[in-house]
Amino acid sequence: MNTQEKITKVSIIISKGSLEGIYPGLIMANGARAEGMEANLFFTFFGLDAIHRSRIDRIKVATVGNPAMHMPTLIGTLPGMSALATRMMNKKMEALDIPPIREFIEMIADTGAGLYACKASVDMFGLAADDFVPQVKDTITVGDFYDLAAGGQIIFT
Amino acid sequence: MTTMTMSGTEVRLNAEGFFEDPSQWTREMATEMATADGLTLSDKHWQVIDFMRREFLEKGTGPTVRVLGKASGVSIKELYQLFPTGPAKTAARLAGIPKPKGCI
């Protein structure tokens, strides 16, 4: 163990709505709780899809504009490519015991982490509290977020 | 590695306080470690600790929190109430098995 002061609290912002944009923040929040840290998750812009009742089960891998997919952009645009890449990735993650996003969100809420939606994005997309899964505690402003994050580390994804 | 005397036995622990040799573990040692952590072990705590040990002896690695929540008979919510400093990590240490390696 190092002698540096340990991190005791993290607030993680999820701003993207693709599968690869959502999972890292979820894994970090869950991992923080597993280490006994306090954790909050703040969903903003397209990251709101991760807590949206009807979109949560349809999160896809981005196959276009992603050079690390190692496929020509034109191939990535073919119908079904994103669905195929998503299926492959979901299979790999299930093998590693990484749950699907809906189950992961439920699990993270059960660990005691706080899940929040960003008010500016909710207003911009014309959403309301009942558009979200029940694990979301509240829709909060950026000011509220900073209050919640006080005394901890902030991670933007 | 450090050594520590628990229930009259010299036990080898790694830097994070996990057992180097799970076969040195006894139930009295778990109670002793829990007391040092400020935890009083209830039947539910034992249910988790016993499950951790069983899984480790069968599979060679401790279960993740997800597996604990699904198979130990204790829900994830309850696991975090029982072990506020992290259920998989704390229960593994009390069960005398290595720290679970996964990210989940």
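Residues numbered from 1 in each chain as written. Chains lettered and ligands numbered in written order. Predicted model: local features only at pLDDT ≥ 70, side-chain atom pairs only at ≥ 80, totals over all residues.

Right, let's talk about the packing of helix H2 (residues 43-59) of chain B against helix H5 (residues 87-94) of chain B for a bit. Residues and elements named next belong to chain B. Viewed as axis vectors pointing N to C, H2 and H5 meet at an angle of 75°, and their least axial separation amounts to 9 Å. With respect to H5, the axis of H2 lies roughly perpendicular. Judged by residue contacts, Val48, Ile49 and Met52 of H2 engage Pro87, Ala91, Ala92 and Leu94 from H5. (Axes fitted to C-alpha atoms, helices over the stretch in contact; angles between N-to-C directions. Helix = DSSP H or I, 4+ residues; strand = E, 2+ residues; numbered from the N terminus. Parallel < 35°, antiparallel > 145°, perpendicular 65-115°, else oblique. Contact = placed C-beta atoms within 7 Å.)

Glancing now at the pairing of strand E3 (residues 114-118) of chain A. Residue and element names in this part refer to chain A. Within E3, 4 of the 5 residues are buried, which leaves the element mostly enclosed by the surrounding structure. Examined bridge by bridge, strand E2 (residues 38-43) and E3 share 4 bridges and lie parallel to one another. Bridge pairing links Phe43 to Ala117 in E3. Relative to strand E4 (residues 138-140), E3 is paired through 3 bridges, and the arrangement is parallel. Across the sheet, residue Cys118 finds its bridge partner in E4, namely Ile140. (Buried ≥ 20, exposed ≤ 12 C-beta atoms within 10 Å, placed from the backbone. Pairing = 2+ DSSP bridges.)

Our focus in this paragraph is the sheet that holds strand E1 (residues 9-14) of chain A. All names here are of chain A. Across the sheet, 5 strands lie side by side as E4-E3-E2-E1-E5; this open sheet has parallel pairing. What marks the edges here is a single partner per strand, and that holds for E4 and strand E5 (153-156). Neighbour-to-neighbour, the strand axes of this sheet turn through a mean angle of 30°, independent of strand direction. In terms of strand pairing, E1 meets E2 through 6 bridges, oriented parallel. Considered in E2, the bridge of Lys9 is made with Glu38. Contacting E1, E2 and E5, helix H1 (residues 19-34) crosses the sheet at an angle of about 165° to E1.

The subject of this paragraph is the environment of Gly21 of chain A. The topology assignment puts Gly21 of chain A in helix H1. For the pair Gly21 of chain A and Ala62 of chain A, spaced 41 residues apart in the sequence, the C-alpha separation amounts to 9.1 Å.

We now examine the nonpolar core. Counting 52 residues, the largest nonpolar core has Leu41, Phe43 and Ile51 of chain A together with Ala91 of chain B as its most contacted members. Residues within four places of Phe43 of chain A in sequence aside, it is in contact with Ile14, Leu48, Ala50, Ile51, Tyr116, Ala117 and Cys118 of chain A. (Core = buried A, V, L, I, M, F, W, Y, C linked by C-beta atoms within 7 Å.)

What follows deals with H1 of chain A. Note that an α-helix has 3.6 residues per turn; residues three or four places apart therefore point the same way. An ideal rise of 1.5 Å per residue puts 22 Å on 16 residues; H1 of chain A measures up with 22 Å between its terminal C-alpha atoms. Taken as a whole, H1 of chain A has its buried residues at Ile22, Gly25, Leu26, Ala29, Asn30, Ala32, Arg33 and Ala34 of chain A. Among the structural elements, E1, E2 and helix H4 (101-110) of chain A together with helix H3 (65-71) and H5 of chain B are those in contact with the buried residues of H1 of chain A. Downstream of H1 of chain A by one or two residues, Gly36 of chain A has phi in the positive range, about 85°. (Expected span 1.5 Å × (residues − 1).)

Residues and elements named next belong to chain A. In this structure, Met88 sits in helix H3 (residues 81-95). Of the residues examined, Met88 has 11 C-beta atoms within 10 Å and is grouped as exposed. Distance in space between the C-alpha atoms of Met88 and Gln4 is 40 Å, their sequence separation being 84 residues.

All names here are of chain A. Where H1 contacts H4, the two axes come as close as 10 Å, and the packing angle between them is 30°. The pairing of H1 with H4 is recorded here as roughly parallel in orientation. The handedness of the crossing between H1 and H4 comes out as left-handed. Where H1 approaches H4, its residues Ile22, Leu26, Ala29 and Asn30 are matched on the opposing element by Ile101, Phe104, Met107 and Ile108. Classifying every residue of the contact of H1 with H4 gives 7 nonpolar, 1 polar and no charged. (Left-handed = near helix turned anticlockwise from the far one by under 90°. Nonpolar A, V, L, I, M, F, W, Y, C, P; charged D, E, K, R; others polar.)

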